[in-house]
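Examination of the molecular architecture
Single-letter residue listing:
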Amino acid sequence: MKAVMKREVKNYLKNPLFWVGIVVVIFGLFQILSPYLEVKYFRTEQEVKAAKPENIDDADIMNGYVKSTEEERMDLAKNKLLSMIVKDGSADKKEVQRTLDEICSSGKSVDEISDAIGELYGYPEGYSLHYYYMKYEYHLGTVEEINASLKAKLSAHSYSWYFGRKFADFGGVYLAFFSAVLLAFLFIRDTRRDTYELLHTKPITAGAYIFGKAAGGFLSVGIVWMILVIVFFFISLAAGIRNDLPVSLIEFLIPAVCYMLPNLLMITSVYVIIALIFKNPLPGVPLLFLYLFYSNMGSIGPDGEFGYYGRPLAILVRFPGGFLDTAPPPMTIWNQIFLLVASAVFLFGAAAIWKRRRVY
């Protein structure tokens, strides 16, 4: 088993695609994570205005935007709709204001309030109160609001904790797709007919061969994972020191370990059993890509809104929300445990296939 594992790791380290892929992943990941390296306390309102993003949908704490309370969201949505209703001058502003206040204070749900306003005033430019309620999840804060939010969040966890979750989010996506391509080489030599037949004549047990191949593949993508962790921890360390924010290696590692490594093990295990079933690893490439697309799909949540809530046995863990408001989807920890169990089942199943299969 040890010899098989070493051989696979050496083969990957000699493959130019391995190193080119690492460079591409680091570059792409840096481009996505670079905005989160500019998190800092604001000193003046001018700094807040200067940090405003080109696209409001990308606004986050580094742009001066803070999470709105339910009351703030409703007020912002109501005021926006008010300005749109009276924009053409056909409605009296005070009368519309009074009516909207009455409807919004009725105790109804957001959807019911939105429908009631729509029945009275229609939907200006095609937008409803519900649309703006969702849009104003974050609002441009004052210096005091922004700094208070930062202080409260950073007193609970270090800057590395939040950056580590964003790293696990986007890094998990990049690394999963890279692994789906990289691991196609894991059985590419062994499934050639002459080699496949020869391997069955060798005095190596099915378990030693299968677990050695899986360990070699997992360690190879694990090397990529480790390089990414080292690179981006030191990048976040430099950002933390520059912006006077607390940094912790342990808090950075927790999401990287919990939300990335089980997924990589599952990807490796799926490749192993597919290669054994089809006697060819190449069918695993489209199947893994379909698995990744399934894992990354959104769905309708309990609140009736479309978003990312995670899926059973998903091999991607996403952290939607603002930088300081990231949270794993419900049941994620259980899902990561299920991935470990499923990986073990696949590997034992692959060993059984290898042991029982006869070459004619």
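Residues numbered from 1 in each chain as written. Predicted model: local features only at pLDDT ≥ 70, side-chain atom pairs only at ≥ 80, totals over all residues. Heavy atoms only, no water.

**Brief notes about the confidence of the model for the protein**
Averaged over every residue, the pLDDT of the protein is 84; residues scoring 70 or more account for 90%. Considering each helix and strand of the protein separately, the mean pLDDT is smallest for helix α10 (residues 193–199), with a value of 47, and largest for helix α12 (residues 249–258), with 94. (pLDDT = per-residue confidence, 0-100. Helix = DSSP H or I, 4+ residues; strand = E, 2+ residues; numbered from the N terminus.)

**Regarding helix α1 (residues 2–13)**
Think of an α-helix as turning once every 3.6 residues; residues three or four places apart then point the same way. Spanning 12 residues, α1 covers 17 Å between terminal C-alpha atoms, matching the ideal 16 Å at 1.5 Å per step. Within the sequence span of α1, burial applies to Val-4, Glu-8, Val-9 and Tyr-12. Along α1, the residues classed as buried sweep out an arc of 130° about the axis, all on the same side. Those residues of α1 that are exposed and angled more than 90 degrees off the buried face are Lys-2, Ala-3 and Lys-10. (Expected span 1.5 Å × (residues − 1). Buried < 20%, exposed > 50% of the residue type's maximum accessible area, 1.4 Å probe, protein only. Arc of directions from axis to C-beta.)

**Quick notes on a nonpolar patch on the surface**
On the surface, Leu-313, Met-331, Ile-333, Trp-334, Ile-337, Phe-338, Val-341 and Val-345 cluster together into a nonpolar patch covering about 780 Å² of accessible area. Take Met-331: its relative accessible area is 57%, and that puts it in the exposed class. (Patch = residues over 30% accessible without salt bridge, like charges linked within 9 Å, V, L, I, M, F, W, Y side chains within 5 Å. Areas by Shrake-Rupley, 256 points an atom, 1.4 Å probe, with all protein chains shown as cover. Salt bridge = Lys/Arg side-chain N within 4 Å of Asp/Glu carboxyl O.)

**As for the pattern of salt bridges**
Tallied over the full model, the rule gives nine salt bridges. Connected through salt bridges with shared partners, the residues Asp-75, Lys-78 and Asp-101 form a single ionic network.

**What to know about a negative patch on the surface**
A surface patch of like charges, here negative, comprises Asp-111, Glu-112, Asp-115 and Glu-119. By secondary structure assignment, the location of Glu-112 is in helix α6 (residues 110–121). Owing to a relative accessible area of 44%, Glu-112 belongs among the partly exposed residues under this scheme. (Lys, Arg positive; Asp, Glu negative; His and termini not counted. Charge placed at Lys NZ, Arg CZ, Asp CG, Glu CD.)

**Digging into the packing of helix α13 (residues 261–278) against helix α14 (residues 284–295)**
What describes two packed helices is the angle between their axes and the distance between those same axes. Interhelical geometry of α13 versus α14 gives an angle of 140° and a closest axis separation of 10 Å. You can see that α13 and α14 cross each other, and the crossing is right-handed. Across from Met-266, Ile-267, Val-270, Tyr-271, Ile-274 and Phe-278 in α13, the residues of α14 making contact are Gly-284, Val-285, Leu-287, Leu-288 and Tyr-291. Along the lines of polarity and charge, the residues of the contact of α13 with α14 split into 10 nonpolar, one polar and no charged. (Axes fitted to C-alpha atoms, helices over the stretch in contact; angles between N-to-C directions. Left-handed = near helix turned anticlockwise from the far one by under 90°. Contact = heavy atoms within 4.5 Å. Nonpolar A, V, L, I, M, F, W, Y, C, P; charged D, E, K, R; others polar.)

**Quick notes on the packing of aromatic side chains**
A ring pair, where both rings are aromatic, is described by two values, the distance of the centres and the angle of the planes. Throughout the structure, instances matching the rule amount to 20 aromatic pairs. Between Tyr-36 and Phe-323, the ring centres sit 5.3 Å apart and the planes meet at 15°, which makes this aromatic pair stacked. One end of the pair, Tyr-36, is in the loop between α2 (16–33) and α3 (45–50); the other, Phe-323, is in the loop between β4 (306–307) and α15 (332–356), with 287 residues separating them in the sequence. Taken together, Tyr-36, Tyr-159, Tyr-162, Phe-163, Phe-167, Phe-232, Phe-233, Phe-234, Phe-252 and Phe-323 form an aromatic cluster joined through their ring pairs. Between Arg-73 and the ring centre of Tyr-133, over which it is positioned, the NZ or CZ distance is 4.2 Å. (Phe/Tyr/Trp six-rings, centres within 6.5 Å; stacked < 30°, edge-to-face > 60°. Lys NZ or Arg CZ within 6 Å of the ring centre and 35° of its normal.)

**Observations concerning helix α4 (residues 70–85)**
With 16 residues, α4 should reach 22 Å at 1.5 Å per residue; the first-to-last C-alpha distance of 22 Å fits that figure. Looking at the buried positions of α4, the neighbouring elements they touch are α5 (93–104), α6 and α7 (129–135).

**Notes on the nonpolar core**
Among the nonpolar cores identified, the biggest contains 75 residues, and Ile-61, Tyr-159, Phe-163, Phe-167, Ile-210, Leu-288 and Phe-323 are the most heavily contacted of them. Counting residues per element, the ones that place at least two in this core are α2, α8 (143–156), α9 (159–182), α11 (206–242), α12, α13, α14 and α15. At 13 residues, α9 tops the list of elements feeding residues into this core. The contacts of Phe-323, once residues within four sequence positions are left out, are Tyr-36, Val-39, Asp-60, Ile-61, Met-62, Tyr-159, Tyr-162, Phe-163 and Lys-166. (Core = buried A, V, L, I, M, F, W, Y, C linked by side-chain atoms within 4.5 Å.)

**Remarks on the environment of Ser-128**
With respect to the helices, strands and loops of the structure, Ser-128 is situated in the loop between α6 and α7. With 50 residues separating them in the primary sequence, Ser-128 and Lys-78 have C-alpha atoms 9.8 Å apart. For Ser-128, the contacting residues outside a window of four places in its chain are Leu-81, Ser-114 and Tyr-123.

**Quick look at the side chain of Lys-78**
In this structure, Lys-78 sits in helix α4. The exposure class assigned to Lys-78 is buried, which follows from its relative accessible area of 12%. Of the polar contacts made by the side chain of Lys-78, one reaches the side chain of Asp-101; its length is 2.8 Å. Setting aside residues up to four positions removed in sequence, Lys-78 forms contacts with Gln-97, Leu-100, Asp-101, Cys-104 and Leu-129. (Polar contact = N/O pair within 3.5 Å; in protein donor to acceptor, adjacent residues only side chain to side chain.)

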